[in-house]
Amino acid sequence: MKQIIDPTYGRQFRKMRKSKHINLINACGNITSKSSLARWENGADNLSWNQVINLLTYNHIQLAEFIRKSASKNLDELLNPIAVAYNANQVPILKEYATDALNKYNEHPSKKNLFQAATTIKTSLLQIWHQTP
């Protein structure tokens, strides 16, 4: 399972959780332990993308908002059209964006924002597919 290694995400989750007045215990649900969540929020541990997506959903935090607030300006520019396609459930466009971002990342592996964009698109697709009956 792919792990979120960048401590920025845990810190951003904590900010968003606290802005909703959700304490650490209530934020965990049955997704992770209080101690694991605290370590991730403090940058001392990692969580899988699945756990993070589940935490976001459980705590009513939008994926696009979370990524946008966590990411660099360059990634934000990449995510705007993705967010539009996600909100409109435009699966073919999301698949095209994901393929393009992965191809570009494979050509330039040092550009981590491309990998993050591709991962975000993949997660968006999974959310759409799980919402569709």
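Below, the structure is looked at part by part.

Criteria and cut-off values
- Residues numbered from 1 in each chain as written.
- Predicted model: local features only at pLDDT ≥ 70, side-chain atom pairs only at ≥ 80, totals over all residues.
- Heavy atoms only, no water.
- Helix = DSSP H or I, 4+ residues; strand = E, 2+ residues; numbered from the N terminus.
- Contact = heavy atoms within 4.5 Å.
- Areas by Shrake-Rupley, 256 points an atom, 1.4 Å probe, with all protein chains shown as cover.
- Salt bridge = Lys/Arg side-chain N within 4 Å of Asp/Glu carboxyl O.
- Buried < 20%, exposed > 50% of the residue type's maximum accessible area, 1.4 Å probe, protein only.
- Arc of directions from axis to C-beta.
- Core = buried A, V, L, I, M, F, W, Y, C linked by side-chain atoms within 4.5 Å.
- Polar contact = N/O pair within 3.5 Å; in protein donor to acceptor, adjacent residues only side chain to side chain.
- Phe/Tyr/Trp six-rings, centres within 6.5 Å; stacked < 30°, edge-to-face > 60°.

1. Concerning the overall build of the protein
Step number 1: For the protein, the count of helices and strands is 8 helices and 2 strands.
Step number 2: Going residue by residue from the N terminus, the α and β elements of the protein occur as β-α-α-α-β-α-α-α-α-α.
Step number 3: If you take every contact in the protein between residues at least 6 apart in sequence, the share linking residues at least 24 apart comes to 65%.
Step number 4: As displayed, the protein has an accessible area near 7,900 Å², and 51% of this comes from carbon and sulfur atoms.

2. With respect to the pattern of salt bridges
Step number 1: Using the criterion set out here, one finds 3 salt bridges in the structure.
Step number 2: With a shortest N-O distance of 2.8 Å, Arg17 and Glu41 are connected by a salt bridge. Here Glu41 lies in helix 3 (residues 34–41) and Arg17 lies in helix 1 (residues 7–19), a separation of 24 residues in the sequence.
Step number 3: For Arg17, a relative accessible area of 5% puts it in the buried group.
Step number 4: The shortest N-O distance in the salt bridge between Asp45 and Arg39 comes to 3.2 Å.
Step number 5: Residue Arg39 is classed as partly exposed on the basis of its relative accessible area of 35%.

3. Topic: helix 4 (residues 49–58)
Step number 1: Among all positions of helix 4, only Trp49, Val52, Ile53, Leu55 and Leu56 are buried. Each buried residue of helix 4 sits inside an arc of 160 degrees when the element is viewed along its axis, so together they form one side.
Step number 2: Trailing helix 4 by a residue or two, His60 shows a phi angle of about 55 degrees, which is positive.

4. Considering the side chain of Gln12
Step number 1: Positionally, Gln12 belongs in helix 1.
Step number 2: Filtering out sequence-adjacent residues up to four positions away, Gln12 remains in contact with Phe66, Lys69 and Ser70.

5. A few points about the nonpolar core
Step number 1: Counting 19 residues, the largest nonpolar core has Phe13, Leu37, Trp40, Leu56 and Phe66 as its most contacted members.
Step number 2: Listed by contribution, the elements that provide at least two residues to this core are helix 1, helix 2 (24–28), helix 3, helix 4 and helix 5 (63–70).
Step number 3: Considering every element that reaches this core, the biggest residue donor is helix 4, with 5 residues.
Step number 4: Every residue in contact with Leu37, bar those within four places of it in the chain, is listed here: Phe13, Leu24, Ala27, Cys28, Thr32, Leu47 and Leu55.

6. A closer look at the environment of Ser36
Step number 1: Relative to the elements of secondary structure, Ser36 occurs in helix 3.
Step number 2: Relative accessible area serves as the criterion here: at 16%, Ser36 is assigned to the buried category.
Step number 3: Residues Ser36 and Asn46 lie 10 residues apart in sequence; the distance between their C-alpha atoms is 8.2 Å.
Step number 4: A polar side-chain atom of Ser36 sits 3.0 Å from a polar atom in the side chain of Ser33.

7. Some thoughts on the packing of aromatic side chains
Pairs of aromatic rings are described using the distance from one ring centre to the other and the angle between the two planes.
Step number 1: Enumeration according to the criterion identifies 3 aromatic pairs in this entry.
Step number 2: Summarising the aromatic geometry, the rings of Tyr9 and Trp49 are spaced 5.9 Å apart at their centres and angled 65 degrees between planes, so their arrangement reads as edge-to-face. Within this pair, whereas Tyr9 is found in helix 1, its partner Trp49 is found in helix 4, the two being separated by 40 residues in sequence. Of the two residues, Tyr9 and Trp49, both sit in the buried class.
Step number 3: Ring-pair connections join several aromatic residues into one group, and the members of that group are Tyr9, Trp49 and Phe66.

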